[in-house]
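# Analysis of the macromolecular model
Below, each chain spelled out in residue letters.
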Amino acid sequence: MVRFNTVTRLLAFPLLWFSAIQAVFASLSVVVFADGVATVFFASSAASPF
């Protein structure tokens, strides 16, 4: 029997980590490069479910 809560939790944690890592790289892009690519990273990290 598949437990929906367990499967959801196991799939949600990597998505949260990936979005956090993308947010860090976006802030580094703003600080180091100042090239405007950060909006794409912030949008993709904000689009993932929390």
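Preceding this paragraph is the structure being described.
Below, the structure is looked at part by part. Here the structure is a predicted model, which is why all the values come from computation and not from measurement. (Residues numbered from 1 in each chain as written. Predicted model: local features only at pLDDT ≥ 70, side-chain atom pairs only at ≥ 80, totals over all residues. Heavy atoms only, no water.)

### Describing the overall build of the protein chain
Secondary structure summary: the protein chain contains two helices and zero strands in total. In the protein chain, which comprises 50 residues, the share counted as buried stands at 12%. (Helix = DSSP H or I, 4+ residues; strand = E, 2+ residues; numbered from the N terminus. Buried < 20%, exposed > 50% of the residue type's maximum accessible area, 1.4 Å probe, protein only.)

### What to know about the environment of S27
Tracing the backbone through its elements, the reader meets S27 in helix α1 (residues 4-33). Along the sequence, S27 and T39 sit twelve residues apart, while their C-alpha atoms lie 9.7 Å from each other.

### Considerations on α1
Spanning 30 residues, α1 covers 42 Å between terminal C-alpha atoms, matching the ideal 44 Å at 1.5 Å per step. Taken together, the buried positions of α1 are occupied by S19, A26 and S29. A positive phi of about 50° marks A34, the residue just after α1. (Expected span 1.5 Å × (residues − 1).)

### Looking at a nonpolar patch on the surface
A contiguous nonpolar patch, built from F13, L15, W17, F18, I21, V24, F25, L28, V30, V31, V32 and F33 and spanning about 1300 Å² of accessible area, is present on the exposed surface. Structurally, V31 is set in helix α1. (Patch = residues over 30% accessible without salt bridge, like charges linked within 9 Å, V, L, I, M, F, W, Y side chains within 5 Å. Areas by Shrake-Rupley, 256 points an atom, 1.4 Å probe, with all protein chains shown as cover. Salt bridge = Lys/Arg side-chain N within 4 Å of Asp/Glu carboxyl O.)

Note that every value here comes from positions in space, so none of it alone points to a role or purpose.
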